[in-house]
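Close look at the chain arrangement
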Amino acid sequence: LARPSTGSGRTAAGSEAADSTNEPQPVRAELVEARMVRSPQDGTTVGQALDATPADVDLAFARAVAAQPGWDALGGHARADLLDRAADLFEANTAEFISLCQCEAGKTLLDGVLEVREAVDFLRYYACEARTLFGAPKPLPGPTGEENLLRMHGRGVFATISPWNFPLAIFTGMAGAAIAAGNTVLAKPAEQTPLIAALAVRLCHEAGIPDDVLQLVPGDGKVGALLTSDARLSGVAFTGSTDTAHAINRTLAARSGPIATLIAETGGQNALIVDSSALPEQVTRDVIASAFQSAGQRCSALRVLYLQEDIADPVLEMIRGAFEALVIGDPTRLATDVGPVIDAEAKAGLDQHVAAMQQAGRTVFRRELPGEVQAGSFVAPAIVEIGSIADLAKENFGPVLHVVRWKADNLAGVIEDINATGFGLTLGLHSRIDAVRRFVEARARVGNLYVNRNQIGAVVGSQPFGGEGLSGTGPKAGGPHYLARFAIERVTTVDTTAAGGNATLLAGG
Ligand code: UN1
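Residues numbered from 1 in each chain as written. Predicted model: local features only at pLDDT ≥ 70, side-chain atom pairs only at ≥ 80, totals over all residues. Heavy atoms only, no water.

The name given to the protein chain in an unreviewed UniProt entry is Bifunctional protein PutA, with the source organism recorded as Croceibacterium soli.

Listed below in structure tokens is the structure:
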């Protein structure tokens, strides 16, 4: 069961006390209201979620506000020690996390392993950064007789609103960063994946992060709206759709209270440009991983492959060969490459998109789904030829790869078309010509450019991840500037000369 940390709204009088004993408890009345969490693989029930009520959210804010000054005063080193301890507990619970990734989010074994690894990396990286940034006041230069000290503090109460596609890594990364910086956090996981978030929060508490510093607030968009409209909020870290980021921005703008900051990581329309100097085997391997790993459900995933027309046919044939070999099915099996998409709604949208492309007369290669997967939200992977990235009305978040052929003299036009989408997350380039790389680097407006490799799986600390424009606000998660956005700065200036006090009086303040 995932339930709000407060559990206020529906807890009958006296049951808080009963909770603290080890006696078996009768089934609580509140469970009747619980929402079933279902497996994307076959629709079976994985667990239950009790969504936060307005009363839960209200109480969570009260606790978070009261706890924040003490948490901030603890300082960067002590907070970092607790984050490191949480990372140890996450590692010790790797098997349980992987199993939840598979049951609740339909992840393959490989994706489950990578998910836990990334969550642990985020905790350790932000712990490390917190020691530097929040460890000691920073002296700044000034004239003789003056002392200037810059101190970093948490902003206050942060809401983190995280997606289902990285139910552990991004949930942990955003909450971990906010906590490391001295904020208290109300963490709302995606409504599809509250169970893995509940385990993460429990382990953080076991590690010594106080209950009121990190509170779980499960629910859907209505709970998100309660969080973002509250005047006690100082900031939001959000990963999800561009539309939701715009909605959060509007809500924050309309409320009173502190001027809240928004850190948003949103969608993409990510392309890969392949020219005729590229190595076809390398291109094939990287296209398959970038487009179909995680069933294409990464915001970094490849959506539009630009093949230079001279080499398009043979390279496409190799890609199709590898595409035909993908193993689709039960994500708990070691051999599976592509599991289900998150739910029936996601499946319907993707199937509709491919059907519309077929109706429009596009060339479509599509895999057959094996019979065993009929109960789940599986989408048959597809490769669709289109004329330009501009033919796509929106991001298609699943195992659908689009292909465009481009002419050798039109590289500038290709980049212009990609930039014109307004998104700016990942871009891949396969070319062995340095001048081509420099040309693309100079013109492409994207957060992460990957050259001669796949374009997913950014490594914390090495490849800070995040986009621009419709793809997000920055700064990049897992990068050296991320924590600072969760903080405010305070400067103390002291006149250290003997006449300091008088001088201030005479100056008139
Ligand atoms: C997302 O899919 O919401 O590089 C972002 C990657 C991941 C993407 C996370 N860090 O593939």
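Things to note about the overall build of the protein chain
How we decide: Comment: elements are numbered from the N terminus, with helices defined as DSSP H or I runs of at least four residues and strands as E runs of at least two. Only C-alpha atoms enter the radius of gyration, while the globule expectation follows 2.2 Å times N to the 0.38, with N the number of residues. Only protein chains enter the accessibility calculation, which uses a 1.4 Å probe; a residue whose area is less than 20% of its type maximum is buried, one above 50% is exposed, and one in between is partly exposed. Contact criterion: two residues are considered in contact whenever any of their non-hydrogen atoms come within 4.5 Å of each other. Values of accessible area rely on a 1.4 Å probe in the Shrake-Rupley scheme; residue burial ignores everything except the protein chains shown.
Of regular secondary structure, the protein chain possesses 15 helices and 17 strands. Expected size for 509 residues packed as a compact globule is a radius of gyration near 23 Å; at 25 Å, the protein chain falls within 12% of this value. Counting over 509 residues, the protein chain shows a buried share of 53%. When contacts within the protein chain are restricted to residue pairs at least 6 apart in sequence, those whose partners lie at least 24 apart make up 76%. Surface accessibility of the protein chain: about 21200 Å² in total, with carbon and sulfur atoms responsible for 55%.

What about the pattern of salt bridges?
Selection criterion: Here, a salt bridge means any Lys or Arg side-chain nitrogen found within 4 Å of an Asp or Glu carboxyl oxygen.
Across all of its chains, the model carries 23 salt bridges by this definition. By sharing partners, the salt bridges in this structure join Asp88, Glu91, Arg117, Asp121 and Arg124 into a single network.

Let's talk about helix α6 (residues 169-180)
Selection criterion: The span expected for a helix works out to 1.5 Å for each residue beyond the first.
Compared with an ideal rise of 1.5 Å per residue, which puts twelve residues at 16 Å, α6 spans 16 Å between its outermost C-alpha atoms and is within 8% of the ideal. Counting buried positions along α6 yields twelve of twelve residues, so the element is predominantly enclosed. Those residues of α6 lying buried are Ala169, Ile170, Phe171, Thr172, Gly173, Met174, Ala175, Gly176, Ala177, Ala178, Ile179 and Ala180. Just past α6, the residue Gly182 takes up positive phi, approximately 100 degrees.

Points about the UniProt feature "active site" (unreviewed entry) in the protein chain
This is how it is decided: UniProt positions are given in the numbering used here, feature names are shortened, and annotations may be inferred rather than shown by experiment. Put plainly, a pocket is an open set of points on a 1 Å grid over the protein atoms alone with protein on both sides within 12 Å along at least five of seven lines, a cavity is a set where a 1.4 Å probe fits but cannot get out, and a lining residue has an atom within 4 Å of a point.
Residues given the UniProt feature "active site" (unreviewed entry) here are Glu265 and Cys299. For this annotated set, covering 35 residues, all C-alpha atoms fall within 9.0 Å of each other, a compact arrangement in space. Looking only at the residues we just named, the largest cavity is lined by Glu265 and Cys299. Relative to the helices and strands, Glu265 resides in strand β9 (residues 261-265). Judged by relative accessible area, which is 12%, Glu265 ranks as buried.

Focus: empty space enclosed by the protein
Inclusion rule: Grid points are joined across faces, edges and corners, and a volume is the space filled by probe spheres set on the points. For this classification, Asp, Glu, Lys and Arg are treated as charged, while Ala, Val, Leu, Ile, Met, Phe, Trp, Tyr, Cys and Pro are nonpolar and the rest, including Gly, are polar.
If you walk through the whole model with that rule in mind, you get five cavities of 30 Å³ or more. In this structure, the largest cavity spans a volume of roughly 380 Å³. If you trace the largest cavity, you find 35 residues lining it, with Glu118, Ile170, Glu265, Phe465 and Ala477 closest to the centre. For the lining of the largest cavity, the secondary-structure elements that each account for two or more residues are α5 (109-133), α6, β8 (235-239) and β9. It is α6 that provides the largest number of residues to the lining of the largest cavity, a total of four residues. Partitioned by chemical class, the residues of the lining of the largest cavity number 21 nonpolar, eleven polar and three charged. Computed from the structure, the second largest cavity encloses a volume of approximately 120 Å³. What lines the second largest cavity is a set of 14 residues, among which Ala105, Lys107, Asp111, Ser294 and Gln297 lie closest to the centre. Of the residues in the lining of the second largest cavity, the class split is five nonpolar, six polar and three charged.

Observations concerning the sheet that holds β9
Just so we agree on the cut-off: Note on pairing: two strands pair once DSSP finds at least 2 bridges between them. The axes used here are C-alpha line fits, helices contributing only the stretch in contact, and every angle between their N-to-C directions lies in the interval 0 to 180 degrees.
Taking strand neighbours across the sheet as the criterion, the five strands line up as β7-β6-β5-β8-β9 in an open arrangement whose pairing is parallel. A single partner strand is all that each edge strand has here, and the edge strands are β7 (214-216) and β9. The mean inter-strand angle of the sheet, taken between neighbouring strand axes irrespective of direction, is 15 degrees. Across three bridges, the pairing between strand β6 (residues 184-188) and β7 is parallel. Across the sheet, the residue bridging to Ala187 is Leu216, located in β7. On top of the sheet, helix α2 (residues 54-73) reaches β5 (157-161), β6 and β7; it is set at about 140 degrees to β6, its chief contact.

As for the site of the ligand
Rules: We call a residue near a given molecule or strand whenever any one of its heavy atoms falls within 4 Å of it.
Not every one of the 13 residues close to the ligand is listed here, only the nearest: Arg298, Cys299, Ser300, Gly457 and Ala458. Coverage of the ligand by the protein chains reaches 96% of its 320 Å² of free accessible surface. When the residues that make up the shell around the ligand are grouped by side-chain class, the tally is six nonpolar, four polar and three charged.

Let's talk about the nonpolar core
We apply this condition: The definition of a nonpolar core used throughout is a set of buried Ala, Val, Leu, Ile, Met, Phe, Trp, Tyr and Cys residues joined through side-chain atoms within 4.5 Å.
Counting residues in hydrophobic clusters, the biggest one holds 61 residues, and the most contacted among them are Phe90, Phe97, Tyr126, Ile209, Leu214 and Phe486. Breaking this core down by element, the ones donating at least two residues are α3 (76-92), α4 (94-105), α5, α6, β6, α7 (194-206) and β7. Setting aside its immediate chain neighbours within four residues, Tyr126 contacts Leu83, Gly173, Gly176, Ala177, Ala180, Ala477, Gly478, Tyr482 and Leu483. Counting residues in each nonpolar core, the second largest holds 55 residues, with Leu272, Ala312, Ile389 and Val404 among its members.

Examining the packing of α4 against α5
For the record, the criterion: Reported orientations rely on four angle classes, namely roughly parallel under 35 degrees, roughly antiparallel over 145, roughly perpendicular from 65 to 115, and oblique for the rest. Crossing handedness: left-handed means the near helix sits turned counterclockwise from the far one by under a right angle, and right-handed means the same turn made clockwise.
For the pair α4 and α5, the least separation of the axes is 9 Å and the interaxial angle reads 130 degrees. As far as their axial angle goes, α5 and α4 are oblique. Crossing hand, α4 versus α5: right-handed. Mapping the contact onto sequence places Thr94, Phe97, Ile98, Cys101 and Gln102 in α4 and Leu109, Gly112, Val113, Glu115 and Val116 in α5. Classifying every residue of the contact of α4 with α5 gives six nonpolar, three polar and one charged.

With respect to the packing of α5 against α6
Where α5 contacts α6, the two axes come as close as 8 Å, and the packing angle between them is 10 degrees. Compared by their axis directions, α5 and α6 come out roughly parallel. Contact residues: α5 offers Glu115, Glu118, Ala119, Phe122, Leu123, Tyr126 and Ala130, while α6 offers Ala169, Thr172, Gly173, Gly176, Ala177 and Ala180. Here the contact of α5 with α6 is composed, by residue class, of eight nonpolar, three polar and two charged.

Quick look at the packing of aromatic side chains
Note the threshold: Aromatic pairing here means that ring centres of Phe, Tyr or Trp (its six-membered ring) are within 6.5 Å. Orientation follows from the plane angle: under 30 degrees is stacked, over 60 is edge-to-face, and everything else is tilted. Here, a charge over a ring means that NZ of Lys or CZ of Arg falls within 6 Å of the ring centre while also lying within 35 degrees of the ring normal.
Summed over all chains, the structure comprises eight aromatic pairs. Here the aromatic rings of Phe122 and Tyr126 are separated by 5.7 Å at their centres, their planes lie at 10 degrees, and the arrangement is stacked. Of this pair, Phe122 and Tyr126 both sit in helix α5, four residues apart, which is roughly one turn of the helix. For Phe122, a relative accessible area of 7% corresponds to the buried category. Seen from their ring centres, Phe292 and Phe323 are 5.3 Å apart, and the 45 degrees between their planes marks the pair as tilted. Here the residue Phe292 occupies a position in helix α10 (residues 280-292), and Phe323 occupies one in helix α11 (residues 309-324), the gap between them amounting to 31 residues. Each member of the pair, Phe292 as well as Phe323, is classed as buried. Through pairs of rings, three or more aromatic residues link up here, namely Phe122, Tyr125, Tyr126, Phe158, Tyr482 and Phe486. The cationic tip of Lys107 hangs over the ring face of Phe166; the distance from NZ or CZ to the ring centre is 4.2 Å. Over the aromatic face of Phe365 sits the side chain of Arg320, whose NZ or CZ is 3.7 Å from the ring centroid.

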